[in-house]
Amino acid sequence: MVKKEIIALLLAGGQGSRLGVLTKTMAKPAVLYGGKYRIIDFSLSNCLNSGIDTVGVLTQYQPLRLNSHIGIGKPWDMDRINGGVTILSPFLKEDTGEWYKGTANAVCQNIDYVDKLNPKYVVILSGDHIYKMDYSGMLEFHKKNNSEVTISVFNVPFEEASRYGIMNTHENGKVYEFEEKPQNPKSTLASMGVYIFNWDILREYLLKDNGNAESQNDFGKNIIPMMLKDERSMWAYRFSGYWKDVGTIQAFWESNMDLIKRVPDFNLFDHAWRIYTPNPVKPAHYIGSTGSVKKSIAAEGCMIYGSVRNSVVFPGVFIGEGAVIEDSIVMSDSTIGKGTFIKQSIIGEKVAVGDNVKIGIGDNVPNELKPGIYNSGITVVGEKACIPDGAEIGKNVVVGMDVGYEDFSSLNIISGKSVMKGGECE
Amino acid sequence: MRMKSTIGIIQTGGNNSRLKELSENRSTSAVPVGGKYRAIDFVLSNMVNSGIANIAVITQYNFRSLMDHLGSGKEWDLDRKTGGLFMFPPYLSGGDSGWYRGSADALYNNLTFLKRSYEKYVVIAQGSCVYKMLFDDVLEYHIEKNADITIVYRDMSDFEPKELSTMGILHVDEQQRIVDFEEKPTNPKTKNGSVGIYIMKRELLISLLEESAAHGWYDFVKDILIKKLNFLNIMGYKFDGYWRNLSSIQLYYKCNMDLLNPIIRYELFSENGKVYTKVKDEAPAKYNEEADVRNSIVADGCIIEGTVENSVLFRGVTVKKGAVIKNSIVMQGSCVEENSSTQFAILDKNTVLTNGKSLKGEPNLPIIVGKNVRV
């Protein structure tokens, strides 16, 4: 067997609760992004493009969508005899058995998987981020510096630094201090949650951390501080380029909009660094004689008879005549009726919007039930919801999954309201 | 479930010069069509959608493009342990001549495949036709009619009369039995044209091929079907759907334009199963502010800043500012630069229409720009 120098462990168990209804039935890495992808495709494609062919994907929250998306890893060339992709979900052991408690605990519970492959290095990734990165450059850096743990960092504006885990380094890049969300940041180098470890050393620290009942078993909060305390060789690898944690409704929406500018902030058309995903079996899309698409991206299988502007349209979407879609994201296989107007909204998969509907109108009032989630003026319609003809829906409204016509007590849903299946309020 | 006991054989045709530059370096079955497909995708998907899982593709001319496209058959779910996809280009061995001398000879040369299979029936079909058909219905009909051979035909009234002279024209009696079959007649007596789909028992096909080879006959239609009309029960099955053979530039051009019609598109892509093809992992198409696209098909990977009307754009086409594409077909990876224009044109793969250049063909005589050419 060819020994693996490096394998990847991809943490894909996060719920992403601030994405609201988008993550109701799937983990955040499984959320659709960019007209045909799911968020996890970026990390998986980075692995493929960096020459890493062995990836363990750690899942926990709502893994079904993720599991069926990844399958045996074919789209990422990871259907390998030696290596490939393995889904690692929590499992029962002889005398114990528990959910993954934290990121470090998740890896700790899968020590056997890594031991069997016996790599020299392990790269820990998060399946939540949109970026293109060559991990092999980071590995070179790691080796060159005789590093034991290398953390990928990027420069953030000073005023935002207090929202990140900040690495304080010497001039050469050696880390001497790590501060989680510091009030008075000493540097602007934020951790991206990408770590390369020497496996033997990580293994030792995982076991040590697991024995500590006080620990939250988290890489950022526990493992890294513990290694710093022991004066392990820790280096920061600078990444420059597009990197987004699409953790909130607004960040998710903005990051999708980053793809549609003339020179997009994030380029999906780079043939030297393709992003792979299972391709839908659909014909090329069709723009009708009454249709118009400007400053947008649209995927295969769409039929567009209306007007689309500043938007991202996923595969298989139908947009009726006279409909106007602006500043919005319409996910796979949704239908938008004739004469409907949609502004600044996220329409989930397989949603049926009727004729002459208006979505995203009125005042910008935060959502009454979940002001922490729906507050940026964006209205979100959950998967498979049906919106009746003539409905008028305001801003920061959430229409829950599977909502049917009967769930609309009125056709006028003002800003900040919610429509839920069976009238349920969570 | 009966289709599980059926082999599919796809004939990819002779050297067709009526497709001009388009088939210069590719098999007629590998001609790109509809924004992301190759002609053979339609018959292959029809077979797979009908449950046929053991398929041979017989090739002769310019088959490299076809081999590239089909690979192991993964995209059609044909990378199987039992059955799957088999490619049969001509080969030299002991007693074989190598080059196929005709359609029957091509099958005869691969008799081993037929002999070592154990399926009861065979469907033979052509690789260069665009249509959607489930072969289950044809097989059911074949069995019900107690036919020895069933030939699928269609009323070709929607073709220009001169096209009928390039087809096999059938006469069927009231019981749908084929009583006459004229191959490429100068004066066709009916408008019933064969679509080149034949169903029969595998054992019968083997014996017909052996008999024909013993006589030194090589053509499947002339030497087997026509010669056996009075000796076997050969039935006609009428197909009413959309069907085009991409056998000439005019037919090729029109077929692509037909796909702009929602009714035809629905029949081909939304009914009776999907159409599978090789995937390319392109990003969704990107439209910039100046894009003005109407009544057109646009595939993934395109970047559009110009005007596109009544056209088909394949994957990865770039249309720059001020460019105008009308009534045209632009294949994969081509670029139409600033202020250039095309009208009734077919741009093959990776062509470049440079700044300000203009190309204009006629509806019945589209202008063709060959692969990799810079105009």
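Residues numbered from 1 in each chain as written. Chains lettered and ligands numbered in written order. Predicted model: local features only at pLDDT ≥ 70, side-chain atom pairs only at ≥ 80, totals over all residues. Heavy atoms only, no water.

For chain A, the helix and strand inventory stands at eight helices and 33 strands. The C-alpha radius of gyration of chain A comes to 23 Å, within 12% of the 22 Å expected for a compact globule of 426 residues. Based on the C-alpha atoms only, the size of chain A along its principal axes is roughly 65 × 50 × 45 Å. Residues counted as buried form 60% of the 426 residues belonging to chain A. The long-range share in chain A, meaning contacts at least 24 apart out of those at least 6 apart in sequence, stands at 57%. Entry remark: accessible area of chain A is about 16,900 Å², with carbon and sulfur atoms responsible for 49%. The distance from the centre of the 44 positive side-chain charges to the centre of the 49 negative ones in chain A is 3 Å. (Helix = DSSP H or I, 4+ residues; strand = E, 2+ residues; numbered from the N terminus. Rg over C-alpha atoms; globule rule 2.2 N^0.38 Å. Buried < 20%, exposed > 50% of the residue type's maximum accessible area, 1.4 Å probe, protein only. Contact = heavy atoms within 4.5 Å. Areas by Shrake-Rupley, 256 points an atom, 1.4 Å probe, with all protein chains shown as cover. Lys, Arg positive; Asp, Glu negative; His and termini not counted. Charge placed at Lys NZ, Arg CZ, Asp CG, Glu CD.)

With that settled, the discussion passes to the environment of Lys295 of chain A. Tracing the sequence through the fold places Lys295 of chain A in the loop between strand S15 (292–294) and strand S16 (296–298). The exposure class assigned to Lys295 of chain A is partly exposed, which follows from its relative accessible area of 28%. Measuring from C-alpha to C-alpha, the distance between Lys295 of chain A and Asn279 of chain A comes to 23 Å, with 16 residues separating the pair along the chain. Excluding residues within four positions of it along the chain, Lys295 of chain A makes contact with Ile260, Lys261, Arg309, Asn310 and Ser311 of chain A together with Tyr287, Asn288 and Glu289 of chain B.

Before going further, it helps to examine the interface of chain B and chain A. Contacts between the two partners involve 39 residues from chain B, matched on the other side by 40 residues from chain A. Across the chain B to chain A interface the summed buried area is about 3,200 Å²; carbon plus sulfur atoms make up 49%. For the interface between chain B and chain A, the tally reads seven salt bridges. A salt bridge links Lys36 of chain B to Glu300 of chain A, with the shortest nitrogen-to-oxygen separation between them at 3.2 Å. Counting residues per element, the ones that place at least two in the side of chain B that touches chain A are helix H10 (262–269), strand S14 (285–287), strand S15 (292–294) and strand S16 (296–298) of chain B. Grouping the amino acids of the side of chain B that touches chain A by side-chain chemistry returns 18 nonpolar, six polar and 15 charged. Strand direction decides the pairing type here: strand S14 (residues 285–287) of chain A and S16 of chain B, joined by three bridges, are antiparallel. (Buried area = accessible area lost by both parts, 1.4 Å probe. Salt bridge = Lys/Arg side-chain N within 4 Å of Asp/Glu carboxyl O. Nonpolar A, V, L, I, M, F, W, Y, C, P; charged D, E, K, R; others polar. Pairing = 2+ DSSP bridges.)

All names here are of chain A. Strand order in the open sheet formed by seven strands is S15-S18-S21-S24-S27-S30-S32, with parallel pairing between adjacent strands. Strand pairing shows two members of the sheet lacking a second neighbour, S15 and strand S32 (412–413), which therefore form its edges. Pairing geometry for S15 and strand S18 (residues 307–309), over three bridges, is parallel. Residue Val293 lies in a different strand from S18, and its bridge partner there is Val308.

Okay, the sheet that holds strand S26 (residues 352–353) of chain B next. Strand order in this open sheet of twelve strands is S33(A)-S31(A)-S28(A)-S25(A)-S22(A)-S19(A)-S16(A)-S14(B)-S17(B)-S20(B)-S23(B)-S26(B), and the pairing throughout is mixed. Two strands lie at the open edges of the sheet, namely strand S33 (418–419) of chain A together with S26 of chain B, each paired on one side alone. With two bridges joining them, strand S31 (residues 398–399) of chain A and S33 of chain A adopt parallel strand pairing. Each bridged residue has a counterpart across the sheet, and for Val399 of chain A the counterpart in S33 of chain A is Val419 of chain A.

Looking now at helix H7 (residues 219–229) of chain A. All names here are of chain A. Counting buried positions along H7 gives eight out of eleven residues, so the element sits mostly inside the fold. Restricting attention to buried positions, one finds in H7 the residues Phe219, Gly220, Asn222, Ile223, Ile224, Met226, Met227 and Leu228. With a side-chain oxygen lying 2.9 Å from the backbone nitrogen of Gly220, the N-terminal cap of H7 falls on Asp218. (Polar contact = N/O pair within 3.5 Å; in protein donor to acceptor, adjacent residues only side chain to side chain.)

Residues and elements named next belong to chain A. Inspection of the secondary structure puts Glu5 in the segment before strand S1 (6–11). As for Glu5 and Tyr121, which are separated by 116 residues in sequence, their C-alpha atoms are 6.2 Å apart. Those residues within four positions of Glu5 in sequence are excluded, and the remaining contacts are Pro119, Lys120, Tyr121, Leu139 and Lys143. At 2.7 Å, the side chain of Glu5 forms a polar contact with the side chain of Lys143.

To continue, consider the confidence of the model for chain B. Residues and elements named next belong to chain B. Averaged over chain B, the pLDDT score is 91; the fraction of residues at 70 or greater is 96%. Within chain B, the element-level pLDDT minimum falls on helix H3 (residues 103–109), averaging 86, and the maximum on strand S19 (residues 312–313), averaging 98. What the predictor reports for the complex is a pTM of 0.92 with an ipTM of 0.91. (pLDDT = per-residue confidence, 0-100.)

Next up on the list: the pattern of salt bridges. The tally for this structure, following the rule as stated, stands at 43 salt bridges over all chains. The shortest N-O distance in the salt bridge between Glu290 of chain B and Arg262 of chain A comes to 2.6 Å. On the criterion of chain membership, the pair formed by Glu290 of chain B in the loop between S14 and S15 and Arg262 of chain A in the loop between helix H8 (249–257) and S14 is interchain, its members lying in two chains. On the basis of relative accessible area, Glu290 of chain B is assigned to the partly exposed category, the value being 31%. Taking the relative accessible area as the measure of exposure, Arg262 of chain A reaches 37% and is therefore partly exposed. The partner of Asp333 of chain A in a salt bridge is Lys282 of chain A, with the nearest N and O atoms 3.0 Å apart. Taken together, the residues Asp333 of chain A in the loop between strand S22 (329–330) and strand S23 (335–336) and Lys282 of chain A in the loop between H8 and S14 connect sequence positions 51 residues apart. Overall, Asp333 of chain A belongs to the partly exposed group, its relative accessible area being 31%. One continuous salt-bridge network, built from bridges that share partners, spans Arg38, Arg65, Glu349 and Glu383 of chain A.

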